[in-house]
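Now for the letters of each chain:
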Amino acid sequence: MVLAVSLILSGCIEQPSKSDKLLVVATIQPVGEFVRAVGGDRVDLMVLVPPGAEPHTFEPSPAQMKRIENADLYVKNGAGLELWLERFSSKSRRVVDSSEGVDLIYLNGTPDPHIWLSPRCAMIQVENICRALVEIDPEGKEIYENNRDAYIKELRGLDEYLRSRLSGAGGRIFVVDHPAWSYLARDYGLVQVAIEEGEREPGPRRIGYIVKTVKDNNIKAILVEPEFNPKMAEVIASEAGCRVVEIDPLAGDYINNMRAVGDLIAESIGV
């Protein structure tokens, strides 16, 4: 399948010499890991959003902005995650939207940006990153494509693991604080229910609905992200008689983290 890579060009672009590494800037850790997996020793990677920061509202520092201006390639997740990037895009030499070709899920008319949380979407992102690297560094084409193939093989293994781990959970509900797991839910036949209500704290009616959902479905745990305050989840869990367990959508070591996420989701719904 041919995937389109969206490249925004500005300024005069110099091709890297054989001895130079490409300076590549990625917005979030998982996308940075995809870049590192494909680029290998030919790239010098910088990830903008640090652990624990909220990528939706992140603001680059002056030092980061200087690095961005000198980058050979800027890789964003896309799908509306980095709206703040629009102010800086013209300063970057090349910007690649890794979401190109992904079958997006729309919530209230806007795309859900959490595409990397599905290994199947991640494979498309990796393809897009590889095409962009080959475009600016054609001498590294064979290396990039071999690295891409090796990493996609790992992603396929992850996909098989999650499919097997969640095979008995078809149609089952899992409860989270923030609705970041729509693509994973779609790809493995689950139903995500979020405490958050339209990016707002839930009102009494929503809280009552979540408590009832947890009880009716014998849910063992509410899954929370480290970037968000767990207080409301803890209140609901206490009322519903379940635990609060942390899962991190932005953790490093993507393959192992997503395996752990699959295990925790399965355990939370009792499969």
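Note that the structure is predicted; figures quoted are calculated from it, not measured. (Residues numbered from 1 in each chain as written. Predicted model: local features only at pLDDT ≥ 70, side-chain atom pairs only at ≥ 80, totals over all residues. Heavy atoms only, no water.)

1. Description of the overall build of the chain
For the chain, the count of helices and strands is 8 helices and 11 strands. In the chain, 63% of the contacts between residues at least 6 apart in sequence involve partners at least 24 apart. (Helix = DSSP H or I, 4+ residues; strand = E, 2+ residues; numbered from the N terminus. Contact = heavy atoms within 4.5 Å.)

2. Notes on the packing of aromatic side chains
All chains considered together, the criterion is met by 2 aromatic pairs. Look at Phe34 and Tyr151: their rings are 6.1 Å apart centre to centre, the planes differ by 55°, and that puts the pair in the tilted class. A residue pair is termed long-range when its members are at least 10 positions apart, and Phe34 in helix α1 (residues 29-39) and Tyr151 in helix α4 (residues 141-165) qualify at 117 residues. With a relative accessible area of 0%, Phe34 lands in the buried category. Of the residues examined, Tyr151 reaches a relative accessible area of 6% and is grouped as buried. Between Phe34 and Tyr254, the ring centres sit 5.1 Å apart and the planes meet at 80°, which makes this aromatic pair edge-to-face. Pair noted here: Phe34 is in helix α1 and Tyr254 is in helix α8 (residues 254-268), with a separation of 220 residues, a long-range link. The rings of Phe34, Tyr151 and Tyr254 are connected pair by pair, giving a single aromatic cluster. (Phe/Tyr/Trp six-rings, centres within 6.5 Å; stacked < 30°, edge-to-face > 60°. Buried < 20%, exposed > 50% of the residue type's maximum accessible area, 1.4 Å probe, protein only.)

3. Section: unusual backbone geometry
Glycine aside, a negative phi is what most residues show, and trans is what most peptide bonds show. One non-glycine residue, Ala79, lies in the positive phi region at around 60°. Residue position: Ala79 is located in the loop between β4 (73-76) and β5 (94-97). In this structure, Asn108 takes a positive phi of about 55° despite not being glycine. Given the relative accessible area of 77%, Asn108 is considered exposed.

4. Description of the pattern of salt bridges
By the definition in use, this model includes 10 salt bridges. Note that Asp159 is salt-bridged to Arg120, the shortest N-O span being 2.9 Å. In this pair, Asp159 is assigned in helix α4 and Arg120 in helix α3 (residues 119-136), connecting sequence segments 39 residues apart. Residue classification places Asp159 among the buried residues on the basis of a relative accessible area of 10%. The exposure class of Arg120 is partly exposed, given its relative accessible area of 30%. (Salt bridge = Lys/Arg side-chain N within 4 Å of Asp/Glu carboxyl O.)

5. Quick look at the confidence of the model for the chain
Mean pLDDT for the chain: 87, with 88% of residues reaching 70 or above. Within the model, pLDDT remains below 50 along residues 1-19, and this stretch shows 41 contacts once partners closer than five positions in the same chain are excluded. (pLDDT = per-residue confidence, 0-100.)

6. Looking at the side chain of Asp137
Structurally, the position occupied by Asp137 is in the loop between α3 and α4. A distance of 2.9 Å separates polar atoms of two side chains, one belonging to Asp137 and the other to Arg42. Among the polar contacts made by the side chain of Asp137, one reaches the side chain of Tyr144 at a distance of 2.5 Å. (Polar contact = N/O pair within 3.5 Å; in protein donor to acceptor, adjacent residues only side chain to side chain.)

7. Overview of the pairing of strand β3 (residues 43-47)
Looking along a regular strand, one sees side chains alternate from face to face of the sheet. With 5 bridges joining them, strand β2 (residues 22-26) and β3 adopt parallel strand pairing. Residue pairing for β3: Leu22 is matched across the bridge by Val43. Tracing the backbone out of β2, into α1 and back to the parallel element β3 gives a crossover that is right-handed. (Pairing = 2+ DSSP bridges. Right-handed = clockwise from strand over helix to strand, strands pointing away.)

8. Looking at α8
Taking 1.5 Å of rise per residue, the 15 residues of α8 would be expected to cover 21 Å, and the 21 Å separating its terminal C-alpha atoms lies within 8% of that figure. Where α8 is buried, its residues touch α1, α3, α4, β8 (173-176), α5 (182-187) and β10 (221-224). Downstream of α8 by one or two residues, Gly270 has phi in the positive range, about 75°. (Expected span 1.5 Å × (residues − 1).)

9. Some remarks on the sheet that holds β8
Pairing is parallel in the open sheet, where 4 strands are placed in the order β9-β8-β10-β11. With one partner strand each, in any of the chains shown, β9 (191-194) and β11 (243-246) form the two edges of the open sheet. This sheet shows a mean twist of 35° between the axes of neighbouring strands, independent of strand direction. For β8 and β10, the ladder comprises 2 bridges, and the chain directions are parallel. Bridge pairing in β10 links Val176 to Leu223. Contacts from helix α6 (residues 204-216) reach β8, β9 and β10 within the one sheet, and its direction differs from that of β9 by about 140°. (Axes fitted to C-alpha atoms, helices over the stretch in contact; angles between N-to-C directions.)

10. Notes on the nonpolar core
Nonpolar side chains tend toward joint burial in soluble globular proteins. Among the nonpolar cores identified, the biggest contains 65 residues, and Val24, Leu133, Leu155, Phe174, Trp181, Leu190 and Tyr254 are the most heavily contacted of them. Take this core: its biggest share by element is 9 residues, from α3. With near-sequence residues (within four places) excluded, Leu155 lies in contact with Pro119, Ala122, Met123, Val126, Tyr254 and Ile255. Judged by nonpolar contacts, the second largest core, of 15 residues, contains Ile195, Val211, Ala237 and Ala240. (Core = buried A, V, L, I, M, F, W, Y, C linked by side-chain atoms within 4.5 Å.)

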